[in-house]
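Results of the structural survey
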Amino acid sequence: MNTVVTESLEPLIAELRSRGFTVVGPTTRDGAIRFAEISCSAQLPAGRGDEQRPGRYRLTERHDDLVFGFAASPDSAKRYTQPPRQPLLRMREGTVEEAEAQAPRIALLGVRACDLAAIAVQDRVFLGGRHPDPAYRKRREAMLLIAVNCAVPGGTCFCVSMGTGPKATTGFDLALTELSDPHRFLIETGSGRGAEIVTAISHRPATGDDVVAAEEVSRVAATRMGRQVDTDGIQERLAGAHDSPRWAEVASRCLACTNCTMVCPTCFCTTVEDATDFTGGVAERTEVWDSCFTLDFSEVGGSSVRGSGSARYRQWLTHKFSTWFDQFGMSGCVGCGRCITWCPTGIDVTEELGCIL
Amino acid sequence: MAGPAAAAGRPRLAVWKFASCDGCQLTLLDCEDELLSVAAEVDIAYFLEASSAVGPGPYDLSLVEGSVTTPDDLRRIQHVRRVSKRLVTIGACATAGGIQALRDFADVREFASIVYARPDYIATLERSTPISAHVPVDFELRGCPIDKRQLLEVISAFLAGRRPFVPAHSVCVECKARGNVCVMVAHGTPCLGPVTQAGCGALCPAFNRGCYGCFGPMESPNARALNAQLRELGMSTPELVRVYRTFNATEEPFRQAAEEAESDT
Amino acid sequence: MHPMTPAPYRVRSRRPDRADTVTLALRPVAGPCPPFLPGQFTMIYAPGVGEIAVSISGRARSGGYVQTIRAVGAVSGALCRTRPGDVVGVRGPYGTAWDLPSAEGLDVVVAAGGLGLAPLRPVIRELAAHGSRYGRISLIVGTRTPATLIYPGELARWRDRHGIDVQVTVDHPDLAWKGRVGLVTRLIDRIVFEPRRTFAFVCGPEVMMQASAAELVRRGVAAGRVMLSVERNMKCGVGRCGHCQLGPLLTCLDGPVLSYERAAGLLAVREL
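Just so you know, these numbers come straight off a predicted model, no measurement behind them.

1. Focus: the overall build of chain A
Across its full length, chain A holds 13 helices and 16 strands. Projected onto the principal axes, the alpha-carbon positions of chain A cover approximately 65 × 55 × 35 Å. A total of 357 residues make up chain A; the buried ones form 52% of that total. Once local pairs closer than 6 in sequence are excluded, the contacts in chain A between residues at least 24 apart make up 71%.

This is the structure we're talking about:
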């Protein structure tokens, strides 16, 4: 792996834009770190950090010049890999027109190791089975992934437990480690496309000191996980915990609002919206994000299989940490902690697992 | 609107008003471009807000706005049901009794005596009730006011003979799909979104405001859990009672939520 | 092609079975019908209304799929109202099949509840066509009322021409009904089979399948030789929407046909 150092991200962003990529990176908006299109490095959230705990997220001032000094934001790559609304088809007069897949050339700057793991999970779901999704493939192929190795994990992070981070090891085109004194970025290349881009920007080769400093960032980050999960035998242990009294207890706090599933970078469930024009001559179908916390989700013959809140919470947690292995041969949880932070009542999956198992 | 010749064969639509502010009917007029397509496919036979021309019944689809608050309303809703093949209520008044159902929590005669110089001229019922309390209703469209997209969806679904895509899940689903950050988590702003039915497109959170619950309770509201969190965010008991006693105060889950807030103190 | 894109199929024929049930023959507007295995289903799209999973009940003489639909919701209602010549969308066939090869040489019990007879029809037709490959063949059918019994003509044919022991029971008889009244499980008493050498195919409402399978197993039929067809909310049919999960299973891919050995523990968990 070729490793280089650059003092600024400006040339990288300019190079990506000149290659026709829309660069999407972290910015601050609405009191949070949000992905948005950027055109220069000054738009990155320099000196901003975050404080995350169950049910609470606040931006903070870091009093330094780090531009990636925060943990997982409410946005994951899912919005780009699996947009919330995808037109499927249009049918008129007995003919079916498949919707043209939109695959914008997006360079996603600042994805974390947990996000890369989540993308790998989605790849397995949408491409790895008997019915691969060509639209998803097109979007993925058009997307360039520039990872950032986490320096400052959040209070709800547990990627170390899930074996997905904090260092990005695979699945990226480029991976950055932000270093201080002096402020610089170590860049690892993970693909031919990534290597081409690095060649085109000004850089110097990484020294032994740079590499050691970067390793130290990831080593320290790994010791600063806000949460942990004992994953030993979790698939079997959780599958056998149908009758735990904890499900009813957590349901008393669960709003079934779906926030956890919406912010989860691997939750892929969808439903389909049917629409017609007023003449009824044109019918359209659109795939939209759905959640196992809604009653319609498990509706059979007019009633829900999982009518109770406890059954719905059990479904979600069990799917993430247990039955996902049966279905896709991997964990459905990558340890990003978003479901913990963004649960309005602060339900903490790591705490629930601790009680249930 | 369209004359009788043009109306031949098209489904006939009627729009009725009961106790309400007319805002939901205005949503239909607000459809502008789409209204022309609607008018092309549907004979808008009775819609006093838009036209004084009154086509006689029966009607294939009646949209009913407003709640039942007077003895005359009681008679009139029976007539509306008789002349309507399908009856869809539009808005919080018709579906839940509306803001005027706050009288249910007080003495309406006392209100009348304070507001009107001659309260004896006022013929009003003790309670403001939804249409479904009086006649069978085929579909209830929520909201104060209703959402334009949802109204068009209900009309086109009716024309296509399908179930309208009007999910009963929480506002949070469309809030996150829209790309909003959760105002409760990120700002500490009290929000009824988690217990409120979707439909508005998460309008208020999109402008960094908490949800006011205009669309009434979602399918499985857990207001007790939300109340605990709202108290954490600093809401007092009277404030909690007040947020549930608005446009959908008499919807059972919101009625209970307010009562629980009172009894939990 | 996107896995959610249906192919246009034309309604070739439409036979009303009962007041609320019709049997359609559906054939691609262009090209041949993909092969199917008994037990598999397709996703049928009523344009503008929606899409539902419907099991395949056989191959029509025209080459298309025979599919029986009961009008219980907006989509099934719209499909029931289609006329010959109408075009609908079809995806599939999807899902697992009834394991007919494993039944060869054994007594066969087919137990159907209500519309559950529809997915079993290709099984019974196979048994009827190749009766010599199997031992004693019994078909027990339970239905709500005499009026909701589907395929009455075929039931008589299977009994009279193919030597299948066909027994029918209803929950609520009408005045003309002279047959049995009661649960389909009670019919297990009235058929002849050697439990240790028996293979069973069961389809119907979940409680009916659980009760029938449990009764067969109690009598000594191996749980691995009792097959059920599980119904969950199949929205996509291809394992991408998540709706049809039953614990570790995506029933659209891992089912709908499952052995009772596999399904019993999962169906026993409330609200799984």
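2. Here's the deal with the sheet that holds strand 3 (residues 32-37) of chain A
Residue and element names in this part refer to chain A. Strand order across the open sheet formed by eight strands is 3-2-8-9-10-11-1-12, with mixed pairing between neighbours. Lying at the two open borders of the sheet, with one neighbouring strand each, are strand 3 and strand 12 (204-205). Direction of pairing for strand 9 (residues 144-148) relative to strand 10 (residues 174-179): parallel, over a ladder of three bridges. Pairing of Ala147 across the sheet is with Ala175, part of strand 10. Here helix 7 (residues 208-222) sits on the sheet in contact with strand 1 (3-6), strand 10 and strand 11 (184-189), set at roughly 90° to strand 10.

3. Notes on the domain arrangement of chain B
Quite often, the size of an interface is put as the accessible area lost when its parts meet. Residues and elements named next belong to chain B. Taken domain by domain, chain B holds domain 1 (4-160) and domain 2 (171-263). Inter-centroid distance (C-alpha atoms) of domain 1 to domain 2 is 26 Å. Split into classes, the residues belonging to the side of domain 1 that touches domain 2 amount to seven nonpolar, five polar and three charged.

4. Some thoughts on the interface of chain B and chain C
Taken residue by residue, the interface counts four residues in chain B and five residues in chain C. Residues belonging to the side of chain B that touches chain C are distributed by class as follows: one nonpolar, one polar and two charged.

5. Focus: the domain arrangement of chain A
Residues and elements named next belong to chain A. Looking at chain A, the domain boundaries give domain 1 (3-222) and domain 2 (234-356). For domain 1 and domain 2, the distance between their C-alpha centroids amounts to 25 Å. Counting residues per element, the ones that place at least two in the side of domain 1 that touches domain 2 are strand 6 (85-92), helix 3 (113-127) and helix 5 (159-162). Tallied by class, residues from the side of domain 1 that touches domain 2 come to 19 nonpolar, 10 polar and six charged.

6. Some points on the UniProt feature "domain: NADH:ubiquinone oxidoreductase-like 20kDa subunit" (unreviewed entry) in chain B
With numbering aligned to this structure, UniProt lists the feature "domain: NADH:ubiquinone oxidoreductase-like 20kDa subunit" (unreviewed entry) at residues 21-157 of chain B. Secondary structure content for residues 21-157 of chain B is 37% helix and 16% strand, and the end C-alpha separation is 26 Å.

7. Some details on the sheet that holds strand 11 (residues 180-181) of chain C
Residues and elements named next belong to chain C. Read across the open sheet, the seven strands follow the order 11-10-9-8-12-13-16; overall the sheet is mixed. Since the sheet does not close on itself, it has two edges, and those belong to strand 11 and strand 16 (257-259), each with one partner. Of the strand pairs in this sheet, strand 10 (residues 165-170) and strand 11 are connected by two bridges, and their pairing is parallel. Residue Val170 lies in a different strand from strand 11, and its bridge partner there is Val181. Packing against the sheet, helix 6 (residues 260-268) makes contact with strand 13 (226-229) and strand 16, and its axis sits at approximately 90° to strand 16.

8. Brief notes about the environment of Val123 of chain C
Residue and element names in this part refer to chain C. Turning to its location among the elements, Val123 is positioned in helix 2 (residues 117-129). Along the primary structure Val123 and Trp98 are separated by 25 residues, whereas in three dimensions their C-alpha atoms are 7.4 Å apart. Residues contacting Val123, with those up to four places away along its chain left out, are Pro38, Trp98, Leu100, Val110 and Phe201.

9. Here's the deal with the pairing of strand 14 (residues 282-289) of chain A
All names here are of chain A. Bridge analysis of strand 6 against strand 14 gives seven bridges, and the strand direction is antiparallel. Bridged to Leu89 within strand 14 is Arg285. Two strands pair when backbone bridges link them, and strand 13 (residues 270-276) and strand 14 are joined in this way by seven bridges, in the antiparallel orientation. Considered in strand 14, the bridge of Thr276 is made with Ala283.

10. Focus on the nonpolar core
In this structure, Leu108 and Ala147 of chain A are the most contacted members of the largest nonpolar core, which totals 269 residues. Considering every element that reaches this core, the biggest residue donor is helix 3 of chain A, with nine residues.

11. Describing the pairing of strand 10 of chain A
Residue and element names in this part refer to chain A. Most of strand 10 sits out of view: five of its six residues are buried. In this sheet, strand 11 lies alongside strand 10 in antiparallel orientation, the contact comprising six bridges. Looking at the pairing, Leu179 lines up with Arg184 of strand 11. Counting the residues between successive antiparallel strands, the hairpin from strand 10 to strand 11 contains four residues, one of them, Asp181, with a positive phi of roughly 50°.

12. Quick notes on the interface of chain A and chain B
Taken residue by residue, the interface counts 37 residues in chain A and 32 residues in chain B. Elements supplying a minimum of two residues to the side of chain A that touches chain B: strand 3, strand 5 (56-61), helix 9 (246-253), helix 10 (259-263), strand 13 and strand 14 of chain A. For the side of chain A that touches chain B, the residue count by class is 16 nonpolar, 13 polar and eight charged.

Rules used in this analysis
- Residues numbered from 1 in each chain as written.
- Chains lettered and ligands numbered in written order.
- Predicted model: local features only at pLDDT ≥ 70, side-chain atom pairs only at ≥ 80, totals over all residues.
- Helix = DSSP H or I, 4+ residues; strand = E, 2+ residues; numbered from the N terminus.
- Buried ≥ 20, exposed ≤ 12 C-beta atoms within 10 Å, placed from the backbone.
- Contact = placed C-beta atoms within 7 Å.
- Pairing = 2+ DSSP bridges.
- Axes fitted to C-alpha atoms, helices over the stretch in contact; angles between N-to-C directions.
- Domains from an automatic or database assignment.
- Nonpolar A, V, L, I, M, F, W, Y, C, P; charged D, E, K, R; others polar.
- UniProt positions renumbered as here; feature names shortened; annotations may be inferred.
- Core = buried A, V, L, I, M, F, W, Y, C linked by C-beta atoms within 7 Å.

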